[in-house]
Each structure stands twice: as structure tokens, then as C-alpha cells.
Amino acid sequence: MRVKATIAYDGSKFFGFQRQSQTNKTAVEHIENALKSIGINSKIVGSGRTDRGVHATGQVIHFDIPIYWQNKSLIELKNRLNQKLRYINFKYIKEVDENFHAQYSAKIRIYRYLIKTTQPNVFEKDFISYYKIDNIKLFKDALNLYIGEHNFKYFKKEGSITSSDIREIKKIKIKKVKNYYAIYIYANGYLRSQVRMMIEGALRVERGLITLNNLKEQIKGKKRYFTTLAKPEGLYLFKVIY
């Protein structure tokens, strides 16, 4: 039986979500080890990867479970896994069609980036990024340039290889509560580290390091003005829509 699970994890405790050859300190390996400990020897597939230090509140995975677990409650399975995992939480587990694929069946992926404009306290520092924003209108204008379908070849981590760099940003929303900003980005998919580069670009415009036209040129693939990434701790894979 194939199951779909929605999970959350503290990315500061892992070297990323995806399996890696040089370390076993990834979210995937921790989950697969927990599954093995209860007799499920299945590889998991995620809706997408997150980098080191990046969190998730709505990562979706799928895996197959043996006949033994088909006759038991999926709530029990969720509880058993949560007992074994410290920095990962299974929120929901449900049965899905055998053709369901966590990555390829996804329609929209939503990332959230949290910014605090004053220094985060000790309990926040791993979960929110600190940036001063004096001109919120300029910051919003920069973010809005990303909306639409573009070739984001200058908005991916150097060295990453993809068959196509074209992605469509459906919409971007910003919510403010006191000295906190939450930026929500909706897209059909992302290149590696794309969201962090997008946030960095908007922050650079707001700080006067580049202009709106400079950012527009980079989005259009005419010229690259920066390669740096925004801090990872404020980024969350928020939700995946199927």
C-alpha cells in the first residue's frame, strides 16, 4: 500500500533533506532508519529537496508499506514514527493510489520566508532571518518582478544541473505582524536555492545595492549582478498542493 505523509522538520539539525553520499545527517536517512526499525524497508520520495538549515512545515513524502501495516491503523504508524524521531514530525499519513508520486504529482509548491527586522532572540535565531527593511514598497516591487514564467538560469546554485531552468512563479504574498514579515512564494517548481536567491535579490534592491532594472535584467538572463543567497534559517517548505 502506498501512503502519503505530510511532515515538518527542523532543518538546522540536518545537512539538507535529500540523501547525500558524504553524510548520513539528512532528513531522508533519519526517516528511513525510523521506518526500518518498525519493519518498513521502503525508500521515501519527497516533493522536493531543501538545503542545509532550511525547514519544512508541509513537506510531502510517499513510501510503500508491507501487508502487516495495511491491517493496522495509520494513526498508530504515525505515532510510532513520532516516538522515534526527535527533529522530524509526521503530521498526517493517508493511503493514496499506487500511482501517486510526491514529486511528480505536485501542482503547486509554496515556500515561506520569515524575516525579523530586529535582532531575533535566542529561541528564534535558528528559525527566522534577521534583515532590516526600511523601504517595504521597494522590497515588494522587487519581489513582484519574479511573478510569471521566466528562465531562472541566474537564480540557481552554481554547479547544479537541470534539464530546464524555466519556472513559473504564480504569485507572491507578504504578511506583516509587528516587526515580522512572512513572504509566501507560489510556483510550479523551483531550481536549487532559487527562493533564497530571489529573496536576496529583493533585499539588495531595497538596500540600494542594485536597481529594479538590474534585477529585471538578471531575471531575463541578460546579466548576473549577484550570486549570493539569503540566509537559510528563515526559509520553510510551507505547503504542497496536489
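*Asks:* Pulling in residues and values, what's your account of unusual backbone geometry?
*Replies:* The phi dihedral of Lys 178 is positive, around 55°, even though this residue is not glycine. Of note, the phi angle at Ser 193 is positive, near 65°, even though the residue is not glycine. As for its position among the elements, Ser 193 is in the loop between strand 9 (180-187) and helix 5 (194-207). On the accessibility criterion, Ser 193 (8% relative accessible area) is buried.

*Asks:* Let's hear about helix 4 (residues 136-144): which residues, and what values?
*Replies:* Within the span of helix 4, buried status applies to Phe 139, Ala 142 and Leu 143. Projected down its long axis, helix 4 carries its buried residues within an arc of 100°, all on one side. Where helix 4 is buried, its residues contact strand 5 (108-116), strand 8 (166-177), strand 9, helix 5 and helix 6 (212-219).

*Asks:* Account for the packing of aromatic side chains, with residues named and values stated.
*Replies:* Taken as a whole, this structure holds eight aromatic pairs when the rule is applied. Their ring planes at 15° and their centres at 5.8 Å tell us that Tyr 9 and Phe 17 sit as a pair that is stacked. Taking the centre distance of 5.6 Å and the plane angle of 85° together, the rings of Tyr 146 and Phe 155 count as edge-to-face. Grouping residues by exposure puts Tyr 146 and Phe 155 together as buried. Put simply, the rings of Tyr 146, Phe 152, Phe 155 and Phe 226 pair up and form one aromatic cluster. Taking the ring centre of Tyr 154 as reference, the NZ or CZ of Lys 153 above it sits at 5.2 Å. Between Lys 231 and the ring centre of Tyr 131, over which it is positioned, the NZ or CZ distance is 4.6 Å.

*Asks:* Report on the layout of surface pockets, specifying residues and quantitative values.
*Replies:* The calculated volume of the largest pocket comes to roughly 720 Å³. Ser 47, Gly 48, Arg 49, Gln 103 and Tyr 190 are the residues nearest the centre of the largest pocket, which is lined by 32 residues in total. Contributing elements (two or more residues each) for the lining of the largest pocket: strand 2 (45-46), strand 5, helix 5 and strand 10 (235-241). Across the lining of the largest pocket, the residue classes tally to 14 nonpolar, 11 polar and seven charged.

*Asks:* Outline the pairing of strand 7 (residues 148-151), listing residues and values.
*Replies:* By the alternation rule, side chains of strand 7 split into Gly 148 and His 150, which are all buried, and Glu 149 and Asn 151, of which none is buried. Bridge count for strand 7 against strand 8 is four bridges, and the pairing is antiparallel. In the strand pairing of strand 8, Gly 148 is matched with Ile 169.

*Asks:* Which residues make up the environment of Thr 211, and what values go with them?
*Replies:* Counting through the fold element by element, Thr 211 comes out in the loop between helix 5 and helix 6. Measuring from C-alpha to C-alpha, the distance between Thr 211 and Val 28 comes to 40 Å, with 183 residues separating the pair along the chain.

*Asks:* I'd like to hear about the pattern of salt bridges, residue by residue, with values.
*Replies:* With the rule as written, the count across this model stands at 13 salt bridges. Lys 170 is the salt-bridge partner of Glu 168, the closest N and O atoms lying 3.1 Å from each other. For Arg 204, the salt bridge is made with Glu 200, and the minimal N-O distance between the two is 2.8 Å. With Arg 204 and Glu 200 both in helix 5 and four residues apart, the pair spans about one turn of that helix. Looking at Arg 204, the relative accessible area reads 18%, which means it is buried.

Conventions adopted
Within each chain, residue numbers correspond to sequence positions counted from 1 in written order. Side-chain atom pairs in this predicted model are given and counted only at pLDDT of 80 or more, local residue features only at pLDDT of at least 70, and totals for whole chains, interfaces and linings cover all residues. In computing side-chain values, all of the structure's heavy atoms are included and hydrogens and water are not. Numbering of helices and strands runs from the N terminus, with a helix taken as a DSSP run of H or I at least four residues long and a strand as a DSSP run of E at least two residues long. Relative accessibility thresholds used throughout: buried, under 20% of the residue-type maximum; exposed, over 50%; partly exposed, between the two (1.4 Å probe, protein chains only). Arc definition: it is the arc formed by the directions from the helix axis to the C-beta atoms. Contacts are assigned to residue pairs with any non-hydrogen atoms lying within 4.5 Å of each other. When the centres of two rings from Phe, Tyr and Trp lie within 6.5 Å, Trp using its six-membered ring, the rings pair. Their planes under 30 degrees apart give stacked, over 60 give edge-to-face, and anything left gives tilted. The rule is short: NZ of Lys or CZ of Arg within 6 Å of the ring centre and within 35 degrees of the ring normal puts a charge over the ring. Note on definitions: the grid is 1 Å and covers protein atoms alone; a cavity is a set of points where a 1.4 Å probe fits but cannot get out; a pocket is an open set with protein on both sides within 12 Å along at least five of seven lines; lining residues have an atom within 4 Å of a point. Grid points are joined across faces, edges and corners, and a volume is the space filled by probe spheres set on the points. Any residue that is not Ala, Val, Leu, Ile, Met, Phe, Trp, Tyr, Cys, Pro, Asp, Glu, Lys or Arg is counted as polar, Gly included; the first ten are nonpolar and the last four charged. Any two strands are treated as partners once DSSP identifies two or more bridges connecting them. Counted as salt bridges are all cases of a side-chain nitrogen of Lys or Arg within 4 Å of a carboxyl oxygen of Asp or Glu.

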